[in-house]
Amino acid sequence: ARDTWAEAGESAVLGANDGLISTSSLVVGVAAASGVEHAAVLLTASAGLVAGALSMAAGEYVSVSSQADTESADYERERRELQEIAALEHADLVG
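So, here is what we can say about the structure in this document.

When the terminal C-alpha atoms of helix H2 (residues 38–84) are compared, their 69 Å separation across 47 residues agrees well with the 69 Å that a helix rising 1.5 Å per residue should span. Burial in H2 covers these residues: Val 41, Thr 44, Ala 45, Gly 48 and Glu 81.

Following this line, the structure appears as structure tokens:
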């Protein structure tokens, strides 16, 4: 469980860094344009934050779903092998 928390913490820090760099780059680009009002810069920052959060959430959902599908397929394969070739599976487990 400790590795899981460490990995989650690392992912959170890296994700936050990515979001900060992306959003600040977007804001600096808009702010550098001549004649842009402060409201437009704030709107751009807000839109960038929301878009980044949604993108990260979608990526995490796809990652977790893929992992769950892989584990489910592995479970089914093992279950089928235990039914069809129990002696070989037993020998494999015993060593």
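After that view, the rundown keeps rolling.
Of note, His 38 is situated in helix H2. We classify His 38 as exposed; its relative accessible area is 71%. Placed 16 residues apart in sequence, His 38 and Ser 22 show a C-alpha to C-alpha distance of 19 Å.

Let us now look at the pattern of salt bridges. If you walk through the whole model with that rule in mind, you get four salt bridges. For Glu 76, the salt bridge goes to Arg 79, with nearest N and O atoms at 2.8 Å. A residue pair is termed a helical-turn pair when its members lie 3 or 4 positions apart in one helix, as Glu 76 and Arg 79 do in helix H2 at three residues. Arg 77 serves as the salt-bridge partner of Glu 78, at 3.3 Å between the closest nitrogen and oxygen. Among the residues examined, Glu 78 registers a relative accessible area of 33% and is labelled partly exposed. Take Arg 77: its relative accessible area is 34%, and that puts it in the partly exposed class. If you follow the salt bridges from partner to partner, you end up with Asp 74, Arg 77, Glu 78 and Glu 81 in one network.

What counts as what
Residues numbered from 1 in each chain as written. Predicted model: local features only at pLDDT ≥ 70, side-chain atom pairs only at ≥ 80, totals over all residues. Heavy atoms only, no water. Helix = DSSP H or I, 4+ residues; strand = E, 2+ residues; numbered from the N terminus. Expected span 1.5 Å × (residues − 1). Buried < 20%, exposed > 50% of the residue type's maximum accessible area, 1.4 Å probe, protein only. Salt bridge = Lys/Arg side-chain N within 4 Å of Asp/Glu carboxyl O.

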